[in-house]
Amino acid sequence: MNLAILLLIVLFSTSCFFFGRKKIINITAANKIRMNALPDYYGYYLALWCAIPAVLILAFWTVFEPTIIKAFIINNITSSNLKEFNSDELNLIYQQIKALYLGNFTGTLTEEIRRGAENYKSFLSIAEGSKIVILISIVIVTTLYSYKKLINNNKAREDVEKIFKAVLFTCSLVAILTTIGIIFSLLFESIKFFTTINIFDFLFGTSWSPQRAFVRDASTITPEEYNELKDAFGSVPLFAGTAFIAFIAMIVAVPIGLFSGIYLAEYASKKVRKYSKPIIEILAGIPTVVYGFFAALTVGPFFREFGERFGLEVSSESALAAGLVMGVMIIPYVSSLSDDVINAVPQSLRDGSYAVGATKSETIKKVVIPAALPGIVGSVLLAVSRAIGETMIVVMAAGLAARLTINPLESTTTITTQIVMILIGDQEFDSPKTQSAFALGLTLFFATLILNYIALRFVKKYREKYE
Amino acid sequence: MSKEELLKKRYRAEKRFKFYGLTSVILAILFVLFLVNVIFSKGKGAFSRTTISVEVDFNTEKLELKNNPTNEEIQDTDFYDLSIESLLNVYKTKGLKEEKDLIRIFSPDYEIEIKNFIIENKGFLNKTAIIELTASDDIDQLNKGNYPRHLPEERRRISDFQLLIYDKLVEDNKIQKTFNTFLFTNGDSRDPELAGVGGSLLGSFFTIIVTLLLSFPVAILASIYLEEFAPKNRITDFIEININNLAAVPSIVFGLLGLGILLGTFDFPRSTPLVAGITLALMTLPRIIIPCRASLKAVPPSIREGALAVGASKVQSVTHHVVPLAIPGTLSGTIIGLAQALGETAPLILIGMVAFVVDLPSSPVDPSASLPVQVYLWSEQAERGFVEKTSATIMILLTFLITMNAFAVYLRQKFERRWS
């Protein structure tokens, strides 16, 4: 339906373009005057005025219609009933009403729901009708208005360009809106979580078992229950597990990545560089779920069998397997970034070092790397932030048990794993368990934000030094 | 230490250093080869399917069908008895247990397969036909040589009796291997031999289309603004900081955004490519803006100045001259960004795309899976057949990604102009 309306608007506005252009050509020909702008711009002017307001209204309408209808339906239920419902029950009833309307209702049909579905249907048709009426009148009004202005408008080009620039600016605002959206959605649920669970219990508690908080309404928790709950949401084991796996990954990725970056930048012939660089970068292009599958299917069992031979007990989901595979994934980030950074070191520094008789490796170790250090540190920090936020490998290969351990052969869990495990499948909203996932997400967001900020500062400083 | 020894030592250090570098490069390349090799050797089996020839006698009287039945009439007829009878004719059995064992070497959809056969070939009514029925997962794996036959019977899922039937069927040439079209056309299923990536292929396709439609125009317009029009002020700085940070935010956070805002606040339909597309569009946007800006920046100022000199306005110089020259670079950046989005899993799990969906989606608002999520879902299954299917899905996914990336490289090399 919306698509059809959109198509109609586009069609109409396209015809407006041709109409406006034709009109202006006719006027100039008849009156023997010369307009300031090309005829096309008059067409654009009319077309934009016709389309933009209507499309904006259509978009807002589509986004907000379900929310408004839901509010009406819920209002109807509460006003026609003597019984008090809490928000969960209202939500459920609303979902049932919707299901009945769409024809996939299962469960017992009550009078309430049947009446609700009728209401829903009538609301929908009212909304549909009024949408069409409003859109048509908007299109007519704006088109007429712009048509009137068109005839004695000498600045059509300026006006069109102003609109164009405004559209450009709006598009670049999307980045800010996304950030606001992220912070808003994370904070909103996290604040609800922190009203139930003390923030210090969350940040410094050492036992994590959110399944204890299964299906419990956050608003009705007694102090005794709270004492039990606060031990369920201590996220220190998750932070430790995340840091531990990231550490293992960096042990793999930093030496291999750095050395291959150095080799490709300083030693490799053009031909070797041309072929090996893209191959290494394939590692960065492989989806993480593939690494996860690889870690769970090949690397994990391999370590277990290998350990059994030496009498070691290795869990098939171990921090070592996940960290190792994650390290392989991160190699290209370290190698290509450090390659770039090393290439940016001015040749004169190297020449100076060769001139006093240093060998190539001495030059690299004593001159090039110290000069490139801020950039290398920056690239390693970016890699760390990627390792912390990496999800699928740890979900599939690191395990679920939240415990404080530094034994890489045991299974550990991470922030991202727990977010996925809590939110996979159906969630009960308003339970501290679901909200805790958002609190974890908030922690993750800020941790990576700080790391990225520091890393970008390092890289920027480094660039300024040699530019 | 004499001078010569010192020099030797320094040269040794030089060689060692170079060796470390070379080893790292080779190690990294070996990782790629090993990974690809593991996936391909595990996955290639999924492209073939095992079938068993069964003789079916389509006697209309027994089926209680009229002489010239329509498709609907056949569809409504019960084929169960006929199917069981035909299956039991394959091998002589004694007792209920053996009969069950025999029927279990076929995939559970045998009745539908027989029905579909007769609907497509009505000429076989009242005649006997030889139909190729899909074998069960265990027989399929046995036929591909992945099944450990030497284990004692209690530790096998295939009984000794089934092995006996299998060997007899192989002897009689009744077991065939054909190309597995089910893999591409079927939706998800609990039975590995029937499961296919058709649904998730379509789901991924719709998702990427939504992502492309939303992110490409916005990214291009935003990068034109930032590169060509933006005044140097605080708002511009703030936008740039935001873009750089968003490009490095973990993808799972975008999943939380999709869950909290799109599903929670705006009540969008769960598990659909529409929501997945919007979420991934927000995620890819900064990742596309960065290469788009780079390719706009690469257009030399002389082009802009030339346009301005002959009287074009700023907007005209940008839209008529700068942007067309930057198009190859922006396109290849967009394709690489979309390839990343195509392989993204975590945000899709959070917005509920992990539902078990058998039907193929027909529009972006139908619930569906997507290729990477399908990999995750199948990797959790215990059956042998699903390991093969998972690897095959990865192969399909990697094929798409490699094609997209190769196309991006081609675009850049073929159409991008070098200015220096």
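As the structure is a computational prediction, the values presented were derived from the model and not from experiment.

**A few points about the overall build of chain A**
Stage number 1. A tally of regular secondary structure across chain A gives 16 helices and zero strands.
Stage number 2. On C-alpha atoms alone, chain A measures out to a radius of gyration of 31 Å, which is more than a quarter above the 23 Å that the 2.2 N^0.38 rule sets for 467 residues.
Stage number 3. In terms of overall dimensions, chain A has C-alpha extents of about 85 × 75 × 35 Å along its principal axes.
Stage number 4. Buried residues in chain A amount to 41% of all 467 residues.

**Re the overall build of chain B**
Stage number 1. Along the backbone of chain B there are 18 helices and three strands.
Stage number 2. On C-alpha atoms alone, chain B measures out to a radius of gyration of 30 Å, which is more than a quarter above the 22 Å that the 2.2 N^0.38 rule sets for 420 residues.
Stage number 3. Out of the 420 residues belonging to chain B, those deemed buried represent 45%.
Stage number 4. Within chain B, contacts between residues separated by at least 24 positions form 77% of all contacts whose residues are at least 6 apart in sequence.

**Looking at the domain arrangement of chain B**
Stage number 1. When its domains are assigned, chain B resolves into domain 1 (52–178) and domain 2 (198–415).
Stage number 2. A separation of 47 Å is found between the C-alpha centroids of domain 1 of chain B and domain 2 of chain B.

**What to know about the packing of helix 16 (residues 432–466) of chain A against helix 12 (residues 251–265) of chain B**
Stage number 1. Look at helix 16 of chain A against helix 12 of chain B: their axes get within 10 Å of each other, and the N-to-C directions meet at 140°. Between helix 16 of chain A and helix 12 of chain B, the angle is such that the two are oblique. For the element pair helix 16 of chain A and helix 12 of chain B, the recorded crossing hand is left-handed. Of helix 12 of chain B, the residues touching helix 16 of chain A (which contributes F438, G441, L444 and F445 of chain A) are V253, L256 and G260 of chain B.
Stage number 2. Along the lines of polarity and charge, the residues of the contact of helix 16 of chain A with helix 12 of chain B split into five nonpolar, two polar and no charged.

**Some remarks on the interface of chain B and chain A**
Stage number 1. The interface is formed by 65 residues belonging to chain B together with 70 residues belonging to chain A.
Stage number 2. For the side of chain B that touches chain A, the leading source of residues is helix 1 (residues 3–43) of chain B, giving 17 residues.

**What to know about helix 4 (residues 111–151) of chain A**
Stage number 1. With 41 residues, helix 4 of chain A should cover 60 Å at 1.5 Å per step; its first-to-last C-alpha distance of 61 Å lies within 8% of that length.
Stage number 2. Taken residue by residue, helix 4 of chain A has I113, G116, A117, Y120, V139, T143, S146 and L150 of chain A as its buried positions.

**Quick notes on the sheet that holds strand 1 (residues 48–57) of chain B**
All names here are of chain B.
Stage number 1. Strand order across the open sheet formed by three strands is 2-1-3, with antiparallel pairing between neighbours. Among the strands making up the open sheet, the edge pair consists of strand 2 (128–134) and strand 3 (175–179). Taking each pair of neighbouring strands and ignoring which way they run, the sheet shows an average axis angle of 40°.
Stage number 2. Summarising the sheet, strand 1 and strand 3 pair through five bridges and their orientation is antiparallel. In the sheet register, T50 faces strand 3, and the bridge partner there is K177.

**Side note on the domain arrangement of chain A**
Stage number 1. Examined at the domain level, chain A breaks down into domain 1 (2–154) and domain 2 (236–466).
Stage number 2. A C-alpha centroid distance of 48 Å is found between domain 1 of chain A and domain 2 of chain A.

**Points about the confidence of the model for chain B**
Where the model shows low pLDDT, its predicted coordinates should not be examined in detail.
Stage number 1. On average, residues of chain B carry a pLDDT of 89, and 100% of them reach 70 or more.
Stage number 2. This prediction of the complex comes with two scores: 0.89 for pTM and 0.90 for ipTM.

**Examining the nonpolar core**
Stage number 1. Within the largest apolar cluster, 179 residues are counted, with the highest numbers of intra-cluster contacts made by A295, A322 and V325 of chain A.
Stage number 2. Per-element accounting of this core gives the leading share, 17 residues, to helix 8 (residues 236–267) of chain A.
Stage number 3. If we ignore the near neighbours within four places in the chain, the residues touching V325 of chain A are Y291, F294, A295, V299, I393 and A397 of chain A.
Stage number 4. Membership of the second largest hydrophobic core comes to 25 residues, among which are L87, I114, L133 and A135 of chain B.

**What to know about unusual backbone geometry**
Residue and element names in this part refer to chain B.
Stage number 1. The phi angle at N126 is positive, at roughly 65°, despite the residue not being glycine.
Stage number 2. By the element assignment, N126 lies in the loop between helix 6 (110–120) and strand 2.
Stage number 3. Note on N126: 13 C-beta atoms within 10 Å, which makes it partly exposed.
Stage number 4. With phi around 60°, N173 is a residue other than glycine that occupies positive phi space.
Stage number 5. With respect to the helices, strands and loops of the structure, N173 is situated in the loop between helix 8 (160–171) and strand 3.
Stage number 6. According to the C-beta neighbour criterion, N173 is exposed, with 8 such atoms within 10 Å.

**Observations regarding the packing of helix 5 (residues 156–196) of chain A against helix 10 (residues 198–229) of chain B**
Stage number 1. One way to put it is that helix 5 of chain A packs onto helix 10 of chain B with a least axis distance of 8 Å and a crossing angle of 110°. The angle between the axes of helix 5 of chain A and helix 10 of chain B places the two elements in the roughly perpendicular class. Contacts from K165, V167, L168, F169, C171, S172 and V174 of chain A in helix 5 of chain A reach V218, L221, A222, I224, Y225, L226 and F229 of chain B in helix 10 of chain B.

**A few points about the environment of T211 of chain B**
Residue and element names in this part refer to chain B.
Stage number 1. As for its position among the elements, T211 is in helix 10.
Stage number 2. Overall, the presence of 27 C-beta atoms within 10 Å leaves T211 in the buried class.
Stage number 3. It is 8.3 Å that separates the C-alpha atoms of T211 and A341, two residues lying 130 residues apart in sequence.
Stage number 4. Filtering out sequence-adjacent residues up to four positions away, T211 remains in contact with G277, L280, A281, T284, L338 and A341.

**With respect to the environment of P301 of chain A**
All names here are of chain A.
Stage number 1. Locating P301 in the fold gives a position in helix 10 (residues 288–309).
Stage number 2. Classification of P301 by C-beta neighbours within 10 Å gives partly exposed; the count is 13.
Stage number 3. Sequence-wise, P301 and A397 are 96 residues apart; in three dimensions their C-alpha atoms are separated by 10 Å.

**Some words on the pairing of strand 1 of chain B**
Stage number 1. For strand 1 of chain B and strand 2 of chain B, the ladder comprises seven bridges, and the chain directions are antiparallel. In the sheet register, V56 of chain B faces strand 2 of chain B, and the bridge partner there is A129 of chain B.

**Section: the environment of I25 of chain A**
Residues and elements named next belong to chain A.
Stage number 1. Note on placement: I25 falls in helix 1 (residues 2–31).
Stage number 2. Its 14 C-beta neighbours within 10 Å are what place I25 among the partly exposed residues.
Stage number 3. The spacing of I25 and D40 is 15 residues in sequence and 9.6 Å in space, taken between C-alpha atoms.

Definitions and limits used
Residues numbered from 1 in each chain as written. Chains lettered and ligands numbered in written order. Predicted model: local features only at pLDDT ≥ 70, side-chain atom pairs only at ≥ 80, totals over all residues. Helix = DSSP H or I, 4+ residues; strand = E, 2+ residues; numbered from the N terminus. Rg over C-alpha atoms; globule rule 2.2 N^0.38 Å. Buried ≥ 20, exposed ≤ 12 C-beta atoms within 10 Å, placed from the backbone. Contact = placed C-beta atoms within 7 Å. Domains from an automatic or database assignment. Axes fitted to C-alpha atoms, helices over the stretch in contact; angles between N-to-C directions. Parallel < 35°, antiparallel > 145°, perpendicular 65-115°, else oblique. Left-handed = near helix turned anticlockwise from the far one by under 90°. Nonpolar A, V, L, I, M, F, W, Y, C, P; charged D, E, K, R; others polar. Expected span 1.5 Å × (residues − 1). Pairing = 2+ DSSP bridges. pLDDT = per-residue confidence, 0-100. Core = buried A, V, L, I, M, F, W, Y, C linked by C-beta atoms within 7 Å.

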